[in-house]
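In case you want the letters, here they are:
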Amino acid sequence: MKAIYTMLAAATMMAAYSCSGSSSRSAADSDSLTAAQALRARLDSVSASGKIIFGHDDDPVYGHTWVGDEGRSDILEIVGDYPGVMNWDLGGIELGDSVNLDSVSFGRMRAEAIAQDARGGINAFSWHSVNPVDSLNSWACEDTTIVAQILNDQTVMARFDAQVRSVARFLNSLTDANGKKIGVILRPWHEHTGSWFWWGEKQCTVDDYKALWAQTRRIMDEEGVDNVLWAYSPDRVTSDEQYLERYPGDEFVDIMGADVYAYNAEKGVDQYRKAVAATLGAASRAAKERGKLVAFTETGLEGVTMPAWWTEVLLPAVKEWPAAYVVVWRNAHDKPGHFFAPYPGHESADNFKAFYSDSTTLFARELNNIR
Ligand code: BMA
């Protein structure tokens, strides 16, 4: 499989390099690209334009006060447009469940991801997977041997293999109206610079973390997954060295991401700005050296408790640290204070309209014109 993987990597690199010379490709050109390469070319065009795509987790499947309706979205109801990126979480697919850890059915997720692609939007996937040792959830991190067991214990490796294959099957099933696979972003083993997941910093060694990526990729390649851009996304770091300490390697990663949350409103803004500068700054520098994309893979202020957060905090941050897209986390319907985007009537909704109108931000409608 090494050979296939190397060929894929080389093809991706070629697409990346040829795209950097011209910011857009003709439709005829894009027919010869894999779905992943076409998505890479689009994101390169976005980056070259200096704009940033706004994204929201689980956007059209539930909002602050509703769940399961069709054709709804808290963002749509405020600005009349869908987010350009939708994030989805695959946690639970490895158990064979029909719904994910937040009760979103995988059938609906597939349909919404395909609809998002059809409207010109982009889909990203995270994976809060259970561990393959005792099936405890991602946050159960007392056992610091899980990753080592995946790599060294045949039985655990076989279970892990099956888990990754379940993700591969889902990603391979994302096809458009012509039966062609759609290009998506996958962001496995995220926030590994923290220690709150079983793949976290205190839960595995540097080498084992890198090997986890290599195993994941090997299995996905075996399954023929060729429609994925891979995103690496440390949580906040304080140095470029820390950002790259567990970087699995250029052959495994297309997007240098950063997950940085704001912890409270006014008081925490300075600290947030510094954390964004350190982490997204590290991502930018690493991406520039390696010819990769940059993305602000997760951010937000829980409860958006600062009415002008969008134009006074997030917008300046992404203008200072350009990235292809920025994703805010979900608007939970069953946890009243757990939301990261506004909803109609929320005190930051008007400010979000100004964020939407800013020439820097891209939502689905405008993104549809960037091909
Ligand atoms: C976390 C929280 C949880 C959720 C998980 C996966 O950040 O939002 O409530 O289950 O993400 O989406």
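Predicted model, so just to flag it, every value in this text is computed and none were measured. One numbering rule holds for all chains: residues counted from 1, following each sequence as written. With the structure being a predicted model, the display of local features is reserved for residues of pLDDT at least 70 and the display and counting of side-chain atom pairs for 80 or more, all residues being used for whole-chain, interface and lining totals. Computation of side-chain values: all heavy atoms of the structure, hydrogens and water removed.

Once that is clear, we can look at unusual backbone geometry. Of note, the phi angle at Ser103 is positive, near 65°, even though the residue is not glycine. The exposure class assigned to Ser103 is exposed, which follows from its relative accessible area of 57%. Think of it in three bands: with a 1.4 Å probe and only protein chains considered, a residue is buried below 20% of the maximum accessible area for its type, exposed above 50%, and partly exposed in between.

We now examine the packing of aromatic side chains. Two rings from Phe, Tyr or Trp (for Trp, the six-membered ring) form a pair when their centres are within 6.5 Å of each other. A pair whose planes differ by under 30 degrees is stacked, one over 60 is edge-to-face, and the rest are tilted. Counting across every chain of the model gives 27 aromatic pairs. Each ring, one from Trp189 and one from Trp199, has its centre 5.2 Å from the other, and the planes form 65°; the classification is edge-to-face. Placement of Trp189 in the loop between β6 (184–187) and α8 (206–222) and of Trp199 in the loop between β6 and α8 is noted, with a sequence separation of ten residues between them. Look at Trp189 and you get buried, because its relative accessible area is 0%. A relative accessible area of 0% places Trp199 in the buried class. Ring centres of Trp310 and Phe352 lie 4.9 Å apart, and the angle between their planes is 85°; on these two criteria the pair is classed as edge-to-face. With a gap of 42 residues between them, Trp310 in helix α11 (residues 309–320) and Phe352 in helix α12 (residues 349–357) connect regions that are remote in the sequence. In this structure, Trp310 and Phe352 share a single accessibility class: buried. In textbook terms, an aromatic cluster arises when at least three aromatic residues are bridged by ring pairs, as seen for Phe54, Tyr272, Trp309, Trp310, Phe352, Phe355, Tyr356 and Phe363. A ring has a charge above it when a Lys NZ or an Arg CZ is no more than 6 Å from the ring centre and no more than 35 degrees off the ring normal. Positioned above the aromatic ring of Tyr82, the side-chain terminus of Arg119 is 3.7 Å from the ring centre. Put simply, DSSP H or I for four residues or longer makes a helix, DSSP E for two residues or longer makes a strand, and each gets a number counted from the N terminus.

Secondary-structure assignment places Arg165 in helix α7 (residues 154–172). Classification of Arg165 as buried rests on a relative accessible area of 16%. One polar contact links Arg165 to Asp161, side chain to side chain, over a distance of 2.5 Å. Note on definitions: a residue-residue contact is assigned when non-hydrogen atoms from the two residues lie within 4.5 Å. Look past the residues within four positions of Arg165 in its chain and what remains in contact with it is Ile219, Glu222 and Glu223. Any N or O atom pair separated by 3.5 Å or less is treated as a polar contact, with the protein-specific requirement of one donor-capable and one acceptor-capable atom, and with residues adjacent in sequence counted only for side-chain atom pairs.

A few words on empty space enclosed by the protein. Definitions used throughout: a 1 Å grid over protein atoms alone; a cavity as a set of points that fits a 1.4 Å probe which cannot get out; a pocket as an open set with protein on both sides within 12 Å along at least five of seven lines; a lining residue as one with an atom within 4 Å of a point. Grid points are joined across faces, edges and corners, and a volume is the space filled by probe spheres set on the points. Under the counting rule described, the total for this entry stands at two cavities of 30 Å³ or more. In this structure, the second largest cavity spans a volume of roughly 30 Å³. Around the second largest cavity, the lining residues are Trp127, Val164, Val167, Leu186, Pro188, Thr216 and Met220. Elements with a minimum of two residues in the lining of the second largest cavity: α7 and α8. Residue classes follow a fixed rule: Ala, Val, Leu, Ile, Met, Phe, Trp, Tyr, Cys and Pro count as nonpolar, while Asp, Glu, Lys and Arg count as charged, and any other residue, Gly among them, counts as polar. Here the lining of the second largest cavity is built from residues that sort into six nonpolar, one polar and no charged.

Another point: the site of the ligand. Taken together, the residues surrounding the ligand are Leu101, Asp102, His128, Trp139, Trp329, Arg330, Lys335 and His338. One of the side-chain N or O atoms of Asp102 is found 2.6 Å from an oxygen atom in the ligand. In the model, an oxygen atom of the ligand is placed 3.1 Å from a nitrogen or oxygen of the Trp329 side chain. When the ligand sits alone it has 310 Å² of accessible area, and the protein chains cover 80% of it. Along the lines of polarity and charge, the residues of the shell around the ligand split into three nonpolar, two polar and three charged. One heavy atom suffices: a residue is near a molecule or strand as soon as one of its heavy atoms comes within 4 Å of it. The Shrake-Rupley method, run with a 1.4 Å probe sphere, supplies the accessible areas, and residue values consider only the shown protein chains as cover.

A few words on the pairing of strand β10 (residues 325–328). Side chains Tyr325 and Val327 of β10 all project onto a buried face; the interleaved residues Val326 and Val328 project onto the opposite face, where all are buried too. Of the pairings in the sheet, the one linking strand β1 (residues 52–57) to β10 comprises four bridges and is parallel in character. Note on β10: the bridge partner recorded for Gly55 is Val327. When the strands point away from the viewer, a crossover counts as right-handed if the path from the first strand over the helix to the second runs clockwise. At this point the chain moves from strand β9 (residues 293–301), through α11, to the parallel β10, and the crossover so formed is right-handed. Following DSSP output, two strands are said to pair if at least two bridges run between them.

Bringing the confidence of the model for the chain into the picture now. pLDDT expresses, on a scale from 0 to 100, how confident the predictor is about each individual residue. Residue-level pLDDT values for the chain average 93, and 92% of them are 70 or greater. With pLDDT under 50 throughout, residues 1–28 is counted as low confidence; its partners more than four residues away or in other chains account for 29 contacts.

With that out of the way, let us pick up the environment of Ile255. Within the secondary structure layout, Ile255 lies in strand β8 (residues 255–262). A C-alpha to C-alpha distance of 13 Å links Ile255 and Arg42, two positions 213 residues apart in sequence. Once residues within four sequence positions are removed from consideration, Ile255 is found in contact with Leu43, Ile185, Leu229, Trp230, Ala231, Tyr232, Leu293, Val294, Ala295 and Tyr325.

This brings us to the pattern of salt bridges. When a carboxyl oxygen of Asp or Glu is within 4 Å of a side-chain nitrogen of Lys or Arg, the pair counts as a salt bridge. Under the criterion given, the structure shown has 20 salt bridges. Ionic pairing is found between Asp69 and Arg72, a salt bridge with its closest N-O pair at 3.0 Å. According to the relative accessible area criterion, Asp69 is partly exposed, its value standing at 27%. Salt bridges sharing common partners tie together Asp161, Arg165, Arg218, Glu222 and Glu223.

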